[in-house]
Amino acid sequence: MNSNVGEIEQQLKHGDLSLFAEAFSRHRPRLWQIIHFRLSDQIRARVDADDVLQEVYLDADKRLSHYVEGNFPSLFLWLRLVTGQTLSRVHRRHL
């Protein structure tokens, strides 16, 4: 892990929530790959991976206190959890 990413995560844990957008953007490519891989072919015609990624960002921003107060080993693992939950909701909504 890049030390700068680690510093940002530590600052988030200490309550500097203004850094969330920067931290999210660093994990964005990996999250996009997860979404692209797991998005159902039936849904791809209606929903783009970028749209789902935007929903992930909004969901994560609303629930950022869960990461700050929780005992997650890294921000990426927490974002991966939020991504899975958001994908499940998108699939339920469109299928």
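This text goes with the structure placed above it.
Residues numbered from 1 in each chain as written. Predicted model: local features only at pLDDT ≥ 70, side-chain atom pairs only at ≥ 80, totals over all residues. Heavy atoms only, no water.

S.K.: Could you give an account of the side chain of T86, naming the residues involved and the relevant values?
M.R.: Relative to the helices and strands, T86 resides in helix α6 (residues 75-94). For T86, a relative accessible area of 0% corresponds to the buried category. Not counting the four nearest positions on each side in its chain, T86 is found in contact with V52, E55, V56 and D59. (Helix = DSSP H or I, 4+ residues; strand = E, 2+ residues; numbered from the N terminus. Buried < 20%, exposed > 50% of the residue type's maximum accessible area, 1.4 Å probe, protein only. Contact = heavy atoms within 4.5 Å.)

S.K.: Run through the nonpolar core, naming residues and quoting values.
M.R.: Within the largest apolar cluster, 26 residues are counted, with the highest numbers of intra-cluster contacts made by F20, V52, W78 and L79. Broken down by secondary-structure element, the contributors of at least two residues to this core are α1 (3-13), α2 (20-38), α4 (49-62), α5 (64-69) and α6. Contacts of W78, omitting those with residues within four sequence positions, involve F20, A60, R63, L64, H66, Y67 and F72. (Core = buried A, V, L, I, M, F, W, Y, C linked by side-chain atoms within 4.5 Å.)

S.K.: Account for the environment of D50, with residues named and values stated.
M.R.: Residue position: D50 is located in helix α4. In this structure D50 comes out as partly exposed when scored by relative accessible area, which is 38%. Each C-alpha atom of the pair D50 and W32 lies 7.1 Å from the other, and the pair is 18 residues apart in sequence. A polar side-chain atom of D50 sits 3.1 Å from a polar atom in the side chain of W32. (Polar contact = N/O pair within 3.5 Å; in protein donor to acceptor, adjacent residues only side chain to side chain.)

S.K.: If you had to explain α4 to someone new, which residues and values would you point to?
M.R.: For α4, built from 14 residues, the straight-helix expectation of 20 Å at 1.5 Å per residue is met to within 8% by its first-to-last C-alpha distance of 20 Å. Where the residues of α4 are buried, they touch α2, α5 and α6. Its side-chain oxygen at 3.2 Å from the backbone nitrogen of D50, D48 defines the N-terminal cap of α4. (Expected span 1.5 Å × (residues − 1).)

S.K.: Before we move on, could you go through the pattern of salt bridges and cite the residues and values that matter?
M.R.: The final tally for this structure, using the stated rule, is five salt bridges. Two residues, R89 and D59, come together in a salt bridge whose shortest N-O distance is 2.6 Å. Here R89 is found in helix α6, whereas its partner D59 is found in helix α4, with 30 residues between them in sequence. You can call D59 buried: its relative accessible area is 10%. Salt bridges here are not isolated pairs; linked through shared partners, they connect E55, D59, R89 and R93. (Salt bridge = Lys/Arg side-chain N within 4 Å of Asp/Glu carboxyl O.)

S.K.: Provide a residue-level description of α6, including the pertinent values.
M.R.: Helix length check: α6, at 20 residues, gives a terminal C-alpha distance of 28 Å against a target of 28 Å (1.5 Å per residue), a fit within 8%. Taken as a whole, α6 has its buried residues at L75, F76, W78, L79, V82, T83, G84, T86, L87, V90 and H91.

S.K.: Explain the packing of α2 against α6 to me, and be specific about the residues and the numbers.
M.R.: Direction vectors running N to C along α2 and α6 enclose 50°, while the axes themselves pass 10 Å from each other. Judged on the interaxial angle alone, α6 and α2 are oblique. Remark: the crossing between α2 and α6 carries right-handed chirality. Packed against α2, whose contacting residues are F20, A23, F24, H27, R30, L31, I34, I35 and R38, the element α6 presents L75, F76, W78, L79, R80, T83, G84, L87 and H91 at the interface. Classifying every residue of the contact of α2 with α6 by side-chain character gives eleven nonpolar, four polar and three charged. (Axes fitted to C-alpha atoms, helices over the stretch in contact; angles between N-to-C directions. Parallel < 35°, antiparallel > 145°, perpendicular 65-115°, else oblique. Left-handed = near helix turned anticlockwise from the far one by under 90°. Nonpolar A, V, L, I, M, F, W, Y, C, P; charged D, E, K, R; others polar.)

In short, shape yes, function no, at least from these values alone.
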